[in-house]
Amino acid sequence: MPRLYLSGNEAIAYGLIQAGVRFITGYPGTPSSEIIPTFQKIIKNKGLKAFAEWSVNEKVAYEVAYGASLAEIKTAVTMKQVGLNVAMDPFMNSAYVGTNSAMVLVSVDDPGPHSSQTEQDSRFFAVAAKIPILDPSTVQEAYDFAKRAVELSRKYGIPVMLRGTTRVSHGRADVELKGNFVNEPLKAQFKILKDWDKKLWRYAATPRQRLMLHAALNEKIAEIERTNELRFFFKGDILIISSGAVFSYLYELIEEYGLQNKLTLAKVDMPYPLKKFDFSGYSRVIAIEESMPVLELQLCTEGRRNGIVPKQGELTPEVCEEILGRIGLIKRGKTITVPPLKRPSLCPGCAHRIALYAVKKVFGKKAIYAGDIGCYTLALNFGVTDTVLCMGASVSFGFGFKKAFQLAGTEQDVVSIIGDSTFFHTGIPPLIDAVHYRVPFLTIILDNKTVAMTGNQKTLSDEVSSSGEPVTPIIIENVVKGIGINFVQTVDPYDFDVSVKVLKDAKKFLKERNEVAVIVFRHLCVNTKEGLSANPRYNVAVVKELCKGCKLCLTEFECPAIVFKEEDVKAEIDHTICVGCGCCVHICPTKAIRLI
Ligand code: SF4
Ligand code: SF4
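Predicted, not measured: the structure shown is a model, and the values here were computed from it. (Residues numbered from 1 in each chain as written. Chains lettered and ligands numbered in written order. Predicted model: local features only at pLDDT ≥ 70, side-chain atom pairs only at ≥ 80, totals over all residues. Heavy atoms only, no water.)

Colleague: Help me understand the domain arrangement of the chain in this model?
Modeller: Interfaces are often sized by the accessible area lost when the parts come together. Domain parsing of the chain yields domain 1 (3-226), domain 2 (230-327), domain 3 (351-534) and domain 4 (540-595). Here domain 1 and domain 4 have C-alpha centroids that lie 50 Å from each other. (Domains from an automatic or database assignment.)

Have a look at this one:
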């Protein structure tokens with residue numbers, strides 16, 4: 001059998017394809033983003049006929065893939081755990097209606113969290129929806145379980161969740177592939193007229209019929225539950241039940257500390273639906289799992305609720321070691337203190353920085369800056385982001401803040417800041433509301449023509465899709481004008497003086513017209529090949545004699561290529577990372593930063 005060195009996400013893509021999935025959608029989000037690009041690469045290399053593209057958001061991705069699965073094409077949809085919040089409506093309902101072929105939801109969790117707003121556990125959502133979950137512990141299992149999820153879904157006619165976590169999805173290992181890449185002819189069918197009347201009720205069910213579907217779902221779940229066996233390792237008096245990456249850490253620790261005769265380790269491949277097991281032969285039964293007590297609540301064990309397992313944070317091998325110490329099995333492991341990391345900041349030359357610097361210059365420090373999910377969140381480092389909640393909330397917050405201050409009769413400037421991809425994702429509906437209710441705040445759309453934070457995926461304004469197909473670009477300005485916004489201006493933020501003028505015009509418009517205004521700041525991301533090659537490249541330097549050592553270029557602008565020499569009390573440019581954009585010449589009050 002061929003072996004490949006793969007990440008967990010790549011392994012999932014291989015598993016899905018070899019199990020016959022030919023339709024995959026998703027929305028990019030770390031740690032799930034690599035599945036679709038890998039899927040695209042494989043189908044291209046193997047000449048397979050399939051559809052693999054990003055969607056505008058997770059709800060749409062789920063519904064598109066689910067629709068295709070009803071037409072009997074095997075499908076999958078990918079997202080990160082917070083994306084599942086957006087897709088919850090179709091996710092819950094699809095459990096009732098069921099599938100006609102197979103549908104796998106890959107939801108990747110981020111315990112820690114390393115790059116997310118929450119540590120939520122996708123498994124809880126699947127329990128709420130009554131959808132079976134597979135929870136791989138290794139990269140090999142990511143591949144195996146992807147295939148198993150497709151088969152389970154096909155067999156029982158129910159969507160299945162494959163739950164990843166950062167460590168499994170981003171870990172790498174040698175994976176044994178056990179299948180072929182077969183280009184079987186695809187047959188789509190849905191509305192077969194001869195017995196359509198008998199089937200229609202399921203797809204367009206009334207509330208009474210939903211009750212019947214719920215009963216059918218309960219039967220499926222009971223049947224799957226009967227097949228769900230645990231796997232037992234070692235033979236000891238205390239039983240630890242685990243799943244996911246944590247199982248692997250525990251397995252290694254038991255061997256490392258020679259606990260094989262003290263502990264039994266039970267592996268749960270499918271955390272839901274779990275049948276009841278007889279654990280009466282054990283002195284203690286403890287569930288150790290990330291991130292929430294899904295096994296613990298179903299099996300009524302010890303774990304998080306009695307304080308053995310921490311209630312927040314990633315269960316790293318070191319934390320697992322501490323847990324074994326807390327159980328009294330080992331002398332408690334040393335607590336590892338991680339030295340503080342340098343805080344992340346926007347890239348040298350990033351156009352978001354100079355755009356938001358101009359916004360701050362015109363609207364001042366007292367304005368409320370409602371931020372959103374994207375690289376530009378890092379503008380909080382230099383005071384141009386006050387809130388970040390979830391995708392699209394910058395615009396809703398803009399509405400909420402402005403209306404609150406209006407109600408109270410207080411003047412307050414409010415600026416919402418949102419990226420191009422996030423605008424398409426969930427920024428449009430609150431902007432429609434703001435137009436409808438005439439709420440005068442400024443919405444800044446930072447358009448760098450890419451989903452930069454998650455690996456530079458394409459956006460809806462592209463003319464070519466991520467798999468190279470020609471597509472219709474969606475023009476942000478047309479959308480914004482189409483919903484009735486009367487102030488819509490587009491600026492390249494590198495034209496600093498123009499940016500300042502347009503921002504001042506927007507401020508005047510907000511006061512005079514009492515309506516929402518939009519500015520689109522458009523400049524290619526410098527972290528892409530096209531963006532960097534199109535960017536100006538100046539030679540920039542700090543004239544030492546003019547530098548007064550005020551540090552404004554660091555605190556108010558924070559380009560990583562501007563450093564401060566404490567011994568000279570002067571700023572200087574680090575030419576090893578400076579991209580020569582020249583934006584910093586607008587910052588220095590003494591004009592010490594110059595193009596030379
Ligand atoms: S370069 Fe200008 S802004 Fe930076 S420390 Fe010197 S005087 Fe201040
Ligand atoms: S020119 Fe200035 S703003 Fe641009 S990357 Fe270099 S130091 Fe940073």
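Next, the rest of the story.
Colleague: Even after reading the chapter, I still don't get the site of ligand 1, so can you show me in this structure?
Modeller: Near ligand 1, the surroundings consist of C547, K548, G549, C550, K551, C553, A571, C588, P589, T590 and I593. Class assignment of the residues belonging to the shell around ligand 1 gives a composition of seven nonpolar, two polar and two charged. (Near = heavy atom within 4 Å. Nonpolar A, V, L, I, M, F, W, Y, C, P; charged D, E, K, R; others polar.)

Colleague: Help me out: how do you make sense of the UniProt feature "binding site: [4Fe-4S] cluster 2" (unreviewed entry) in the chain in this one?
Modeller: Under the local residue numbering, the UniProt record ascribes the feature "binding site: [4Fe-4S] cluster 2" (unreviewed entry) to C559, C578, C581 and C584. Across 26 residues in sequence, these annotated residues keep their C-alpha atoms within 10.9 Å of one another, forming a single compact spot. Structurally, the position occupied by C578 is in the loop between β20 (570-573) and β21 (593-595). Apart from the residues lying within four places of it in its own chain, the contact partners of C578 are A561 and I573. Mapped onto the elements, C581 comes out in the loop between β20 and β21. Its relative accessible area of 13% is what places C581 among the buried residues. Once you skip the residues sitting within four places of it in the chain, C581 turns out to touch G349, Y494, N535, P536 and Y538. (UniProt positions renumbered as here; feature names shortened; annotations may be inferred. Helix = DSSP H or I, 4+ residues; strand = E, 2+ residues; numbered from the N terminus. Contact = heavy atoms within 4.5 Å. Buried < 20%, exposed > 50% of the residue type's maximum accessible area, 1.4 Å probe, protein only.)

Colleague: Looking at this model, I keep getting lost on helix α1 (residues 8-18). Mind explaining?
Modeller: In an α-helix there are 3.6 residues to a turn, and that puts residues three or four apart on one side. Most of α1 sits inside the fold, with 11 of its 11 residues counted as buried. Downstream of α1 by a residue or two, G20 has a phi angle that is positive, lying close to 100 degrees.

Colleague: Explanation requested: the UniProt feature "binding site: [4Fe-4S] cluster 1" (unreviewed entry) in the chain in the structure shown.
Modeller: The feature "binding site: [4Fe-4S] cluster 1" (unreviewed entry), as annotated in UniProt, sits at C547, C550, C553 and C588 in this numbering. Of the residues just listed, which span 42 residues, no C-alpha pair is farther apart than 10.5 Å, and they cluster in one region. Among the secondary structure elements, C547 is positioned in the loop between β18 (540-542) and α20 (552-555). Mapped onto the fold, C550 is located in the loop between β18 and α20. C550 gets classed as partly exposed once you look at its relative accessible area, which sits at 44%.

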